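Here's the letter readout for the chains.
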Amino acid sequence: GVWARGQKIRLAGIDAPELKGETREAGKRSRDALLVLLSGSLNRVTVRTVMDRKEKYGRWLGYVELTDEAKTPVNDWMVLNGHAKPWQN
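Parameters and conventions
- Residues numbered from 1 in each chain as written.
- Predicted model: local features only at pLDDT ≥ 70, side-chain atom pairs only at ≥ 80, totals over all residues.
- Heavy atoms only, no water.
- Helix = DSSP H or I, 4+ residues; strand = E, 2+ residues; numbered from the N terminus.
- Buried < 20%, exposed > 50% of the residue type's maximum accessible area, 1.4 Å probe, protein only.
- Contact = heavy atoms within 4.5 Å.
- Phe/Tyr/Trp six-rings, centres within 6.5 Å; stacked < 30°, edge-to-face > 60°.
- Lys NZ or Arg CZ within 6 Å of the ring centre and 35° of its normal.
- Polar contact = N/O pair within 3.5 Å; in protein donor to acceptor, adjacent residues only side chain to side chain.

Q: I tried to follow the environment of arginine 59 on my own but got confused; where do I start?
A: Mapped onto the elements, arginine 59 comes out in the loop between β3 (45–54) and β4 (60–66). Linking arginine 59 and leucine 11, residues 48 residues apart in sequence, is a C-alpha distance of 9.6 Å.

Set out below in structure tokens:
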């Protein structure tokens, strides 16, 4: 277990709208939904990084899970609630 604070994490396996360009408004809604989900939880989160590497913009790629009773997978939650799409190569 490694502890890190203040790291930027890109949610792996999903494609969320960008915060600039044509998708700006959808991107803001997606970001805000994620912030509400994470801030509404009094629990910690678990982040499992993908191959322990950063992507081209310096963010860690990872799968985030709330440590609540349901172990809510945040990446899947974003897709299931319409805030992102599954990543297509």
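There is more to say after this.
Q: For this particular structure, what's the right way to read the environment of arginine 24?
A: Mapped onto the secondary structure, arginine 24 falls in helix α1 (residues 24–39). A residue is classified by how much of its surface remains accessible, and arginine 24, at 40% relative accessible area, is partly exposed. Setting aside residues no more than four positions away along its own chain, arginine 24 makes contact with Glu18 and Leu19.

Q: Just to check I follow, could you spell out the packing of aromatic side chains for this structure?
A: Here the distance between the centres and the angle between the planes together describe a pair of aromatic rings. Throughout the structure, instances matching the rule amount to 0 aromatic pairs. Directly above the ring of tryptophan 87 sits arginine 10, whose terminal nitrogen or CZ lies 5.2 Å from the centroid.

Q: Would you mind going over the environment of proline 73 with me for this structure?
A: On the secondary structure map, proline 73 appears in the loop between β4 and α2 (74–80). Residue classification places proline 73 among the partly exposed positions, given a relative accessible area of 36%. For proline 73 and valine 45, which are 28 residues apart along the polypeptide, the C-alpha to C-alpha distance reads 9.7 Å. Non-local contacts of proline 73, meaning those with residues more than four positions away in its chain, are made with Val64 and Glu65.

Q: Please explain the side chain of asparagine 75 as it appears in this structure.
A: One can find asparagine 75 in helix α2. Among the polar contacts made by the side chain of asparagine 75, one reaches the main-chain carbonyl oxygen of glycine 62 at a distance of 3.2 Å. Look past the residues within four positions of asparagine 75 in its chain and what remains in contact with it is Leu11, Ala12, Ile14, Gly62, Tyr63 and Val64.

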